[in-house]
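Results of the structural survey
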Amino acid sequence: MIVVATAGHVDHGKSSLIRALTGRDPDRLAEERRRGLTLDLGFAWCDLPGGPRAAFVDVPGHERYLHTMLAGLGPVRAALLVVAADEGWAAQSAEHADVLAALAVPHLILVITRSDLADPEPAAAAARRRLRARGLPVAATVATSARTGDGLDALRTALGRLAPAFPPAPGPVRLWVDRAFSLPGAGTVVTGTLPTGTLRAGDRVELCPARTQDSVGVVRELHVCERAVADATGPTRVAVNLRRVTLDAVPRGTALLTPDAWVTTTETDIRLHGTGNAQPPALPEAVMCHIGTARRPARLRRLADDLARLRLSAPVPLHVGDRLAVRDPSSRVVLGATVLDPMPAPFSGRGAAARRRTVLESATGRPVLSDELAHRGLARSADLRRLGVPLPEDPDEPQWRIDPAHRHTLTERLLALVQAHEKEPAGAPELTRARVRDALGLPDAGVIDLLTSPRLTERHGRIALAGAPLPAGLRRAADIARRELAVAGPRTPTEQRWRELGVSRDELHALNRHGVLVRLAQGVHLTPDAVERAVAVLRGLAPPFRVSEARAALDAPRRVVVPLLEHLDHHGVTEKVSADGHRRLR
């Protein structure tokens, strides 16, 4: 289906054109029909030559209803710009063309109406000249007369030529509600333009913004062009009957979303667009933001001539690369903007805005994995999907993804951290994953797994230099510890026995740091090999097993087995499955 919105000056014949094309009156309201003036969005459709169907969103042309016109154009990718042959280019012709340019509507047909009243060519030539100045390409120019029917077949043919540009589009659902009403026996029904994705009966959809505690609805039924369907795939116009949703929860501007597929945010960093090569003109701090059918009062903080942070009054669902319009309510200036980052970090500290400007200058505004990782350095796979970045389906998808340059920087910092730790006194705290996470400012200790270097090793949660020789001062203590543990096995020496052997507490700490020993508790140590052998023994137990069963299998005292199991719990080898200490291996 091709979904097309109208645009143009008031009383230039937009609604008459749609009536003549479709045989349906897009003016739904009694007052509209009485006054002959479109006041709200209207909808109609028709079949085109060759089989495709065109659905039309008719918008009001009066200057008072610019916000309604923006709601009609927001979700669509094609438009008919209507100019009357007998009046030519007019005030709202210019204003609506500015909106088309701001939203970067890619497919535009110029329609000269009332061609039976005047020569259409002067109006067409003037309109094309003004559209070129705004950078708007015109796919076709068609002269029509709704009264005589001249040019309507040519317009249907021109619309049909657009069909290849509107194939079924996969992706997550974001249906912007443009109308909501209630039907007896059915409940809440919403209509809207579905650009991408597929809706099916029974689907759960998130509502944004959520106006009730429960922000999820369920699709009961779907209708396309007044016919019930089992599913609807964008691009299309669709009516959705919702369960568990009240009428006041879905006013115009609400979005129905695939759950967990969008960033719902009140802050976003954007790139503003001027006309042609001109820089974007100045805007006040208080602006109106339009995306889809939503409009939000917003605060604009300019970071550069073309970069800004937008703070919205209520959340909207965004992907990187989304196009929105920013309007000055007093001057009626409308600018286009591209979403660069709908998950921006808050400004913190002096110079934060300048640092952010430097980062955004290289942002492409394209939802591409390499671009987003270059921009962010590090990101969760789930967040990348919510940003609109396509990722391959992978059952073993990594939790984190990292930019190669950022990986190199972090790895070098980790090496420097480990090298400095090797020089710390014998009693210094061990370099655990938690300490590395905090020292490098990582959001999660799992990121350490992405920092690979042949110069680093990790055993039992301690990170050290691979192959680093044991300091001469520790070799005697290491030899004593190995001999004693080889004899004692899992019945590891007590603190008193270590003192008798002449191995101090500081030396035991240092042997742990260098990977010679694994500390389970104060005075309780095993060799790494002994820990691995204990895990192999535990794998032979039927899960879940009790501490007493582990003691019997390992032939070890409770003072060793309990801290050993807690150590294995901490490192994800075992896990508790009951409050009384039953465990199983992961």
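Quick summary incoming for the structure in this document. What you see is a predicted model, and the numbers here were worked out from it, not measured in a lab.

Quick notes on the overall build of the chain
Assigned secondary structure in the chain consists of 17 helices and 29 strands. Computed over its C-alpha atoms, the radius of gyration of the chain comes to 33 Å, more than 25% above the 25 Å expected for a compact globule of 586 residues. For the chain, the spread of C-alpha atoms along the three principal axes comes to 110 × 55 × 40 Å. In the chain, once contacts between residues fewer than 6 apart in sequence are set aside, the share between residues at least 24 apart is 65%. When the accessible surface of the chain is totalled, it reaches about 26,500 Å², and 49% of it is carbon and sulfur. For the chain, the centre of its 80 positive side-chain charges and the centre of its 66 negative side-chain charges are spaced 3 Å apart.

Describing the nonpolar core
In this structure, Leu73, Leu81, Trp89, Val99, Leu100 and Leu131 are the most contacted members of the largest nonpolar core, which totals 35 residues. Of all the elements in the fold, those that place two or more residues in this core are β1 (2–8), α3 (66–73), β4 (78–84), α4 (91–102), β5 (107–113) and α5 (120–133). Residue contacts for Leu73: discarding those within four places in its chain leaves Ala5, Ala79, Val99, Leu100 and Leu103. Counting 25 residues, the second-largest nonpolar core is a separate cluster that includes Ile270, Ile291, Leu310 and Val316.

Remarks on the packing of helix α1 (residues 14–22) against helix α6 (residues 152–161)
When two helices pack together, you describe them by how their axes are tilted relative to each other and by the distance separating the axes. It is the contact of α1 with α6, at a shortest axis distance of 10 Å, that shows an interaxial angle of 85°. With respect to α6, the axis of α1 lies roughly perpendicular. Contacts between α1 and α6 involve Leu17, Ala20 and Leu21 on the former and, on the latter, Leu152, Leu155 and Arg156. Residues that form the contact of α1 with α6 fall into these classes: five nonpolar, no polar and one charged.

Regarding the environment of Asp449
In this fold, Asp449 is placed in the loop between α11 (433–440) and β24 (456–459). Measuring from C-alpha to C-alpha, the distance between Asp449 and Gly160 comes to 54 Å, with 289 residues separating the pair along the chain. Among the polar contacts made by the side chain of Asp449, one reaches the side chain of Arg433 at a distance of 2.3 Å.

So, the layout of surface pockets
Where empty space is left in the structure can be found by rolling a water-sized probe over the atoms. Roughly 740 Å³ of volume is contained in the largest pocket. Pro75, Arg77, Arg174, Pro195 and Asp322 are, among the 29 residues lining the largest pocket, the residues nearest its centre. For the lining of the largest pocket, a count of residues per class yields 18 nonpolar, seven polar and four charged. Counted as a void, the second largest pocket has a volume near 590 Å³. Sorting the residues of the lining of the second largest pocket by element identifies β2 (42–47), β3 (53–58), β7 (174–183), β8 (187–194), β11 (216–224) and β14 (236–243) as the ones contributing at least two each. When residues in the lining of the second largest pocket are grouped by element, the largest group, five residues, is from β14. Residues of the lining of the second largest pocket, tallied by class, amount to 15 nonpolar, three polar and seven charged.

Points about the sheet that holds β2
Within the open sheet, the six strands sit side by side as β2-β3-β1-β4-β5-β6. Their pairing is mixed. Both outer strands of the open sheet, β2 and β6 (140–143), are each paired with one neighbouring strand and no more. Across this sheet, the average inter-strand angle for adjacent strands is 25°, counted without regard to direction. Judged from the four bridges that link them, β5 and β6 form a sheet pairing that is parallel.

Some words on the side chain of Thr265
Among the structural elements, Thr265 can be located in strand β16 (residues 263–273). Reaching out from Thr265, the side chain makes a polar contact with the backbone oxygen of Glu267 at a distance of 2.7 Å. Discounting chain neighbours no more than four positions away, the residues touching Thr265 are Leu312, Ala314, Pro315, Val316, Leu318 and Pro342.

Things to note about unusual backbone geometry
The omega torsion of the bond from Cys208 to Pro209 falls at 0°, within 30 degrees of zero and hence cis. Mapped onto the fold, Pro209 is located in the loop between β10 (204–208) and β11. Looking along the chain, the bond that leaves Gly234 and enters Pro235 is cis, with omega of 5°. Within the element layout of this structure, Pro235 appears in the loop between β13 (231–233) and β14. Even without being glycine, Glu226 reaches a positive phi, approximately 65°. Tracing the sequence through the fold places Glu226 in the loop between β11 and β12 (227–229). Look at Asp555: it is not a glycine, yet its phi comes out positive at around 55°. Within the secondary structure layout, Asp555 lies in the loop between α16 (547–554) and α17 (558–570).

Concerning the packing of aromatic side chains
A complete count under the given rule lists zero aromatic pairs for this structure. It is Arg24 that lies over the ring of Trp45; its NZ or CZ is 4.0 Å from the centre. Here the guanidinium or amino end of Arg77 rests over the ring plane of Phe166, the centre of that ring lying 5.1 Å away.

Some thoughts on helix α7 (residues 352–361)
For α7, the complete set of buried residues consists of Ala352, Ala353, Arg356 and Leu360. In an axial view of α7, the angular spread of the buried residues amounts to 90°, which keeps them on one side of the axis. The exposed residues of α7 that point more than 90 degrees off its buried face are Thr358 and Glu361. On the buried face of α7, the contacting elements are β16, β18 (294–302), β19 (307–318), β21 (334–341) and α8 (369–376).

With respect to the sheet that holds β21
The six strands lie next to each other as β16-β19-β18-β17-β20-β21, forming a closed barrel whose pairing is antiparallel. Each adjacent strand pair in this sheet contributes to an overall mean axis angle of 40°, direction not counted. In the sheet, β18 pairs with β19 via five bridges, with the strands oriented antiparallel. Paired with Leu300 across the two strands is Leu310, which belongs to β19. Along the sheet, α3 contacts β17 (286–291), β18 and β20 (323–327); its crossing angle with β20, the most-contacted strand, is approximately 175°.

Focus on the environment of Ile18
Summarising the element assignment, Ile18 is placed in helix α1. For Ile18, a relative accessible area of 0% puts it in the buried group. Along the sequence, Ile18 and Ala282 sit 264 residues apart, while their C-alpha atoms lie 37 Å from each other. Among all residues touching Ile18, those that are not within four sequence positions of it are Thr6, Gly23, Arg24, Pro26, Ala44, Phe56 and Asp58.

Rules and cut-offs
Residues numbered from 1 in each chain as written. Predicted model: local features only at pLDDT ≥ 70, side-chain atom pairs only at ≥ 80, totals over all residues. Heavy atoms only, no water. Helix = DSSP H or I, 4+ residues; strand = E, 2+ residues; numbered from the N terminus. Rg over C-alpha atoms; globule rule 2.2 N^0.38 Å. Contact = heavy atoms within 4.5 Å. Areas by Shrake-Rupley, 256 points an atom, 1.4 Å probe, with all protein chains shown as cover. Lys, Arg positive; Asp, Glu negative; His and termini not counted. Charge placed at Lys NZ, Arg CZ, Asp CG, Glu CD. Core = buried A, V, L, I, M, F, W, Y, C linked by side-chain atoms within 4.5 Å. Buried < 20%, exposed > 50% of the residue type's maximum accessible area, 1.4 Å probe, protein only. Axes fitted to C-alpha atoms, helices over the stretch in contact; angles between N-to-C directions. Parallel < 35°, antiparallel > 145°, perpendicular 65-115°, else oblique. Nonpolar A, V, L, I, M, F, W, Y, C, P; charged D, E, K, R; others polar. Polar contact = N/O pair within 3.5 Å; in protein donor to acceptor, adjacent residues only side chain to side chain. 1 Å grid on protein atoms, 1.4 Å probe; cavity = no way out; pocket = protein on both sides within 12 Å on 5 of 7 lines; lining within 4 Å. Points joined across faces, edges and corners; volume = space filled by probe spheres on them. Pairing = 2+ DSSP bridges. Phe/Tyr/Trp six-rings, centres within 6.5 Å; stacked < 30°, edge-to-face > 60°. Lys NZ or Arg CZ within 6 Å of the ring centre and 35° of its normal. Arc of directions from axis to C-beta.

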